[in-house]
Amino acid sequence: LVPPLILKPFSFSLNIIKNITNKKVGSITIVKADSETEETITAYSSKFKIQKLKDDAINDSDFDTSFTEITDSTENGVIKFDNLPMGTYLITEV
């Protein structure tokens, strides 16, 4: 003979742990200047392209294709790239 099954109320708690990783970011500021006079060039807008090298790059042409940005200079000749993941970058005027 099997004894009857008795269900008793029970409670439980669930703790959810979420890992948050702080990403280190930085910025790069470029001031376009004349190579001879070193005066800031503000007469026209310049475009600059920034490319991040892959973290495991073997040579300096191994770019992370998911990270390429192009921006214009401001009227005061300043170009700023913000919130850049830490790494090595190639910046070219386009």
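Residues numbered from 1 in each chain as written. Predicted model: local features only at pLDDT ≥ 70, side-chain atom pairs only at ≥ 80, totals over all residues. Heavy atoms only, no water.

Draft legend 1. View of the overall build of the protein chain. Within the protein chain, the regular secondary structure consists of 0 helices and 5 strands. Shown N-terminal to C-terminal, the secondary structure of the protein chain runs as helices and strands in the order β-β-β-β-β. For the protein chain, restricting intrachain contacts to residue pairs at least 6 apart in sequence, the fraction spanning at least 24 positions comes to 63%. Split by element, the accessible area of the protein chain, about 8300 Å² in all, is 53% carbon and sulfur. (Helix = DSSP H or I, 4+ residues; strand = E, 2+ residues; numbered from the N terminus. Contact = heavy atoms within 4.5 Å. Areas by Shrake-Rupley, 256 points an atom, 1.4 Å probe, with all protein chains shown as cover.)

Draft legend 2. Region of the structure containing the nonpolar core. Residues Ile30, Phe48, Ile50, Ile79, Phe81, Leu84 and Tyr89 constitute the largest nonpolar core, which totals 7 residues. Counting residues per element, the ones that place at least two in this core are β2 (47-53) and β4 (78-85). Residue contributions to this core peak at 3 residues, all from β4. (Core = buried A, V, L, I, M, F, W, Y, C linked by side-chain atoms within 4.5 Å. Buried < 20%, exposed > 50% of the residue type's maximum accessible area, 1.4 Å probe, protein only.)

Draft legend 3. The pattern of salt bridges, seen in detail. Applying the stated criterion across every chain yields a total of 2 salt bridges. The shortest N-O distance in the salt bridge between Lys80 and Asp82 comes to 3.8 Å. (Salt bridge = Lys/Arg side-chain N within 4 Å of Asp/Glu carboxyl O.)

Draft legend 4. Here's a closer look at a negative patch on the surface. A surface patch of like charges, here negative, comprises Asp34, Glu36, Glu38 and Glu39. Tracing the chain through its elements places Asp34 in the loop between β1 (25-31) and β2. Judged by its relative accessible area of 30%, Asp34 is partly exposed. (Patch = residues over 30% accessible without salt bridge, like charges linked within 9 Å, V, L, I, M, F, W, Y side chains within 5 Å. Lys, Arg positive; Asp, Glu negative; His and termini not counted. Charge placed at Lys NZ, Arg CZ, Asp CG, Glu CD.)

Draft legend 5. Representation of the side chain of Lys32 in the model. Residue placement: Lys32 occurs in the loop between β1 and β2. A polar atom in the side chain of Lys32 sits 2.8 Å from the side chain of Glu93. (Polar contact = N/O pair within 3.5 Å; in protein donor to acceptor, adjacent residues only side chain to side chain.)

Draft legend 6. Local environment of the pairing of β2. For β2, the tally of buried residues reaches 5 of 7 residues, placing the bulk of the element in the interior. Examined bridge by bridge, β2 and strand β5 (residues 89-93) share 5 bridges and lie antiparallel to one another. In the strand pairing of β5, Phe48 is matched with Glu93. (Pairing = 2+ DSSP bridges.)

Draft legend 7. A look at unusual backbone geometry. One non-glycine residue, Glu38, lies in the positive phi region at around 65 degrees. Mapping Glu38 onto the fold places it in the loop between β1 and β2. Accessibility expressed as a relative area gives 67% for Glu38, which makes it exposed.

Draft legend 8. Fine view of the confidence of the model for the protein chain. Predicted confidence across the protein chain gives a mean pLDDT of 76, with 74% of residues reaching 70 or more. Put simply, strand β3 (residues 63-72) is where the protein chain has its lowest mean pLDDT, 70, and β1 is where it has its highest, 86. (pLDDT = per-residue confidence, 0-100.)

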